[in-house]
Amino acid sequence: MLRIEYVYQLIAAFLLFSAYCNLRDRQLARATFWLLLGLLFAGGDFVLAQQKAGHLWPAQAAGCMVIALALLAPLLRRRSHPEGSSSSARLASASRLGHKLFMPALLIPLVTLLVALLGAHLAIGGMALFASRQMTLTGLALACVVALIATARVARAPLHQGLAEGRRLLDAIGWAALLPLLLAALGEVFTQSGVGSAIATLAGRLLPEGNAFLCLLLFALGMLLFTVIMGNAFAAFPVMMAGIGLPWLIQRYGATPAILGSMGMLCGYCGTLLTPMAADFNLVPAALLELRNPYGVIRAQAWSAIGIFIANFVILWLLVFR
Amino acid sequence: MNYWPLLGVAVIIIGFALRLNAVPVVVCAALVSGLLAGRPLPDVVALLGTSFASSRMLLLFVLTLPAVGLLEHAGLREHAQQWIGRLRGLTLARLLIAYLLLREGLAMLGLTGIAGAAQTVRPLLAPMSEAAAEKINPGLSDAERDELRAVAAATDNIGRFFGEDVFIALGAVLLIQGFYAQHGIDLTPLSIALWALPTAMVAFVIQSVRVWLFQRRLAHHAREG
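Residues numbered from 1 in each chain as written. Chains lettered and ligands numbered in written order. Predicted model: local features only at pLDDT ≥ 70, side-chain atom pairs only at ≥ 80, totals over all residues.

- Under an unreviewed UniProt entry, the name given to chain B is Membrane protein, and the organism recorded is Dyella flagellata.

- An unreviewed UniProt entry lists chain A under the name Permease, with Dyella flagellata given as the organism.

Here you go:
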């Protein structure tokens, strides 16, 4: 059965391979960085299992490794490797292969789609092929492997060249690759340290008495700002609902719960478009596309986010107190 | 109420404002918040370790890199650019709006993982957009090229976000339903998801208009020279 745990081992193998390549090139800081991250990925399931069993030391060791990664990150200069091939060689290859080049690129979304749609029904000898937990992500990992093999066949290149090209792109992304994980971990630490309830209490103190409109505005802005801080609307939603939405808007002013929940969440999504804390949507794409400004994607979507927020708030206000 | 953990938020804001390396800033903020909440240091370090281990799926995009890197080595970007260059009627705005429609539609069906910055924007959408933009202005400046790629990534994000909330079996709707169920209000997922539709349509219109305005600005710059 294909499980998400195997995917983590696959990622670990790729990270360790990148560490080895950098060691060979005498890039010590970079090699150590990918080595530590690879070990964290390989050992992550052990850490979680031991923690459930009540042993804290593996988790503490993992935490120390995360701190070591943080100390190493400033030493990694963003350095793009020289491209492995000249642009004239790529142009020649492009005209030779033509539309065949699209096939492996489209295989990534296509195989993922197939696993997402059919994965639950696939079985070999009565055993399900895919574990139901995180099936789409397992499908994406499988799709990447299939696409790599297909590319190697179409381009008549050896598989290890694909790994070398992948490592080149990984080095170009550098420490930005780590941010989504770290920010998710930070969100968890914030939640457990009571940052959320502190903000809800502060927002509650600002609450104007007897004015449903201002109360709704405070709720919407709170969802937006709290999402900007946490980088994730899912973290903001329960806090703002428990602090303002449920006791005031629903129970006092009679707001419709389905509308408040759905459109309140969307206020948070507008915040996600504005914040570097949502690194996987905003900072990683900027690194992947090799933009010189790491906040370039946020700048490009800021006015859309503000426009959508205002429109969403107006619709919410018109509908929610019917 | 203990307000001291809020200082962790201040660490983040100061760090991002001073443009320090984000990785140590985030780890620092986690340690500050945890310690000020009154937890002992070994506990905070362990919490950091387990939270990191449970969010490993966020690095999944690196698995696309070998295939994408090899395809680019074999000339994928160059081919995408040549192909778009030959299609007469395909303007930059039409390309991006069609992608937005597709992305939002797929997200509404719950298929968010099949597209994204690593899966589709870097190998396909960004080089195609560049080719479409070069039809407007063959001499794109580096700043315009950067902005163009950023607009492509933004279009991908917006399509995904505002389509996703309409799908009944995905995180957001289930989270909302679960919250209400805990507090004694029973709702069906469908009744929640339906109310995301108006904003999904508004988001589509707003982003389409902005893409169109961006194209017009590029054309304007091209004429000014």
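Further notes follow.
So, the overall build of chain B
Reasoning step 1: Within chain B, the secondary structure is distributed over 11 helices and zero strands.
Reasoning step 2: For chain B, the succession of helices and strands along the chain, N to C, is α-α-α-α-α-α-α-α-α-α-α.
Reasoning step 3: Here the C-alpha atoms of chain B give a radius of gyration of 22 Å, more than 25% beyond the 17 Å that 2.2 N^0.38 yields for 225 residues.
Reasoning step 4: Dimensions of chain B along its principal axes, counting C-alpha atoms only, are 65 × 45 × 35 Å.
Reasoning step 5: Counting all 225 residues of chain B, 57% fall into the buried class.
Reasoning step 6: Relative to all contacts within chain B whose residues are 6 or more apart in sequence, the contacts with residues 24 or more apart total 73%. (Helix = DSSP H or I, 4+ residues; strand = E, 2+ residues; numbered from the N terminus. Rg over C-alpha atoms; globule rule 2.2 N^0.38 Å. Buried ≥ 20, exposed ≤ 12 C-beta atoms within 10 Å, placed from the backbone. Contact = placed C-beta atoms within 7 Å.)

Here we look at the overall build of chain A
Reasoning step 1: On a plain count of helices and strands, chain A comes out with 14 helices and two strands.
Reasoning step 2: Counting only contacts in chain A whose residues sit at least 6 apart along the sequence, the fraction spanning at least 24 positions is 71%.

Details of the domain arrangement of chain A
Reasoning step 1: The assigned domain composition of chain A is domain 1 (4–78), domain 2 (87–157) and domain 3 (194–320).
Reasoning step 2: When each unit is reduced to the centre of its C-alpha atoms, the spacing between domain 2 of chain A and domain 3 of chain A is 36 Å. (Domains from an automatic or database assignment.)

Comments concerning the interface of chain A and chain B
Reasoning step 1: With 120 residues of chain A in contact, the opposing surface of chain B contributes 99 residues.
Reasoning step 2: For the side of chain A that touches chain B, the class distribution of residues is 85 nonpolar, 28 polar and seven charged. (Nonpolar A, V, L, I, M, F, W, Y, C, P; charged D, E, K, R; others polar.)

Some points on the environment of Val173 of chain B
Residue and element names in this part refer to chain B.
Reasoning step 1: With respect to the helices and strands, Val173 occurs in helix H9 (residues 171–182).
Reasoning step 2: Judged by C-beta crowding, with 25 C-beta atoms within 10 Å, Val173 ranks as buried.
Reasoning step 3: Residues Val173 and Ile13, spaced 160 residues apart in sequence, show a C-alpha to C-alpha distance of 30 Å.

A look at helix H6 (residues 135–155) of chain A
Reasoning step 1: The first and last C-alpha atoms of H6 of chain A sit 30 Å apart over 21 residues, in line with the 30 Å expected at 1.5 Å per residue.
Reasoning step 2: A positive phi of about 50° marks Arg156 of chain A, the residue just after H6 of chain A. (Expected span 1.5 Å × (residues − 1).)

Focus: the nonpolar core
Reasoning step 1: Membership of the largest hydrophobic core comes to 197 residues, with the highest contact counts inside it found for Ile11, Leu69, Leu182 and Met240 of chain A together with Val23 and Val26 of chain B.
Reasoning step 2: Residues contacting Leu182 of chain A, with those up to four places away along its chain left out, are Val23, Val26 and Val27 of chain B. (Core = buried A, V, L, I, M, F, W, Y, C linked by C-beta atoms within 7 Å.)

Quick notes on the UniProt feature "transmembrane region" (unreviewed entry) in chain B
Residue and element names in this part refer to chain B.
Reasoning step 1: Under the present numbering, the feature "transmembrane region" (unreviewed entry) in UniProt falls on residues 6–32, 44–71 and 192–213.
Reasoning step 2: Here residues 6–32 runs as 81% helix and 0% strand, with 9 Å between its end C-alpha atoms.
Reasoning step 3: Counting secondary structure, residues 192–213 comes out at 91% helix and 0% strand; the distance between its end C-alpha atoms is 33 Å. (UniProt positions renumbered as here; feature names shortened; annotations may be inferred.)

Let's talk about the domain arrangement of chain B
Reasoning step 1: Under the domain assignment, chain B is made up of domain 1 (4–54) and domain 2 (65–224).
Reasoning step 2: A straight line from the C-alpha centre of domain 1 of chain B to that of domain 2 of chain B covers 33 Å.

Structural notes on the packing of helix H6 (residues 92–108) of chain B against helix H8 (residues 142–164) of chain B
All names here are of chain B.
Reasoning step 1: Across the interface, H6 lies against H8 with an axial gap of 7 Å and an inter-helix angle of 30°. Judged by the inter-axis angle, H6 sits roughly parallel to H8. The crossing of H6 and H8 is right-handed. Along the contact surface, H6 presents Leu96, Tyr99, Leu100, Arg103, Glu104, Gly105, Ala107 and Met108, while H8 presents Ala152, Thr155, Asp156, Gly159, Arg160, Phe162, Gly163 and Glu164.
Reasoning step 2: In terms of residue class, the contact of H6 with H8 is made up of seven nonpolar, four polar and five charged. (Axes fitted to C-alpha atoms, helices over the stretch in contact; angles between N-to-C directions. Parallel < 35°, antiparallel > 145°, perpendicular 65-115°, else oblique. Left-handed = near helix turned anticlockwise from the far one by under 90°.)

Structural notes on the packing of helix H12 (residues 257–272) of chain A against helix H14 (residues 296–320) of chain A
Residues and elements named next belong to chain A.
Reasoning step 1: Taken N-terminus to C-terminus, the directions of H12 and H14 make an angle of 165°; their axes are 9 Å apart at the nearest point. As judged from the angle between their axes, H12 and H14 are roughly antiparallel. The hand of the H12/H14 crossing is left-handed. Here Ile259, Leu260, Met263, Leu266, Cys267 and Cys270 of H12 come into contact with H14, specifically with Ala305, Ile308, Phe309, Asn312, Phe313, Ile315, Leu316, Leu319 and Val320.
Reasoning step 2: Across the contact of H12 with H14, the residue classes break down as 14 nonpolar, one polar and no charged.

So, the environment of Leu186 of chain A
Reasoning step 1: With respect to the element layout, Leu186 of chain A can be found in helix H8 (residues 179–192).
Reasoning step 2: Between the C-alpha atoms of Leu186 of chain A and Gly231 of chain A, which are 45 residues apart in sequence, the distance is 9.7 Å.
Reasoning step 3: The contact partners of Leu186 of chain A, leaving out residues within four places of it in the chain, are Val26, Ala29 and Ala30 of chain B.

Digging into unusual backbone geometry
All names here are of chain A.
Reasoning step 1: A positive phi angle, close to 60°, is found at Arg26, a residue other than glycine.
Reasoning step 2: Summarising the element assignment, Arg26 is placed in the loop between helix H1 (4–24) and helix H2 (28–52).
Reasoning step 3: A tally of 8 C-beta atoms within 10 Å means that Arg26 is categorised as exposed.

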